[in-house]
Amino acid sequence: MLRSKHASLPILVNGDFYTRAEWMDFMQETGTSGVLLARPALYNTSIVRKPTDSSLPISTYGYDSPLLLDKTTVVQDYLKHCLHYNTHFKN
């Protein structure tokens, strides 16, 4: 209903989408432009990593996904970026 009244506005939804399959299914079913992730991204920021191998089924993109990096790697990458961009790690 909202989409039909305001077709040019992007519609984003916030929810606990813990797998790529969950948010892609939701977007397809509702016609939303995108989703917002908080807790899933805090748990492991690599949840939004895009696959380089397009042969992987979409259902493999979750917490058991081969796309997820281990938390140590995520933290190390984050700290590298903090040092590179001269920003405080708490930002």
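Residues numbered from 1 in each chain as written. Predicted model: local features only at pLDDT ≥ 70, side-chain atom pairs only at ≥ 80, totals over all residues. Heavy atoms only, no water.

Caption draft 1: Representation of the overall build of the protein. The number of helices and strands found in the protein is four helices and two strands. Ordering the α and β elements of the protein from the N terminus gives α-β-α-β-α-α. Among the 91 residues that make up the protein, the fraction classed as buried is 23%. In the protein, the share of contacts with a sequence separation of at least 24, taken over all contacts with a separation of at least 6, comes to 33%. Summed over its atoms, the accessible surface of the protein is roughly 6900 Å², and 59% of this surface lies on carbon and sulfur atoms. (Helix = DSSP H or I, 4+ residues; strand = E, 2+ residues; numbered from the N terminus. Buried < 20%, exposed > 50% of the residue type's maximum accessible area, 1.4 Å probe, protein only. Contact = heavy atoms within 4.5 Å. Areas by Shrake-Rupley, 256 points an atom, 1.4 Å probe, with all protein chains shown as cover.)

Caption draft 2: Layout of helix α2 (residues 20-30). For α2, every residue scored as buried is listed here: Arg20, Ala21 and Trp23. On its buried side, α2 packs onto β2 (34-36). Looking one or two residues past α2, Gly31 carries a phi angle of roughly 80°, positive in sign.

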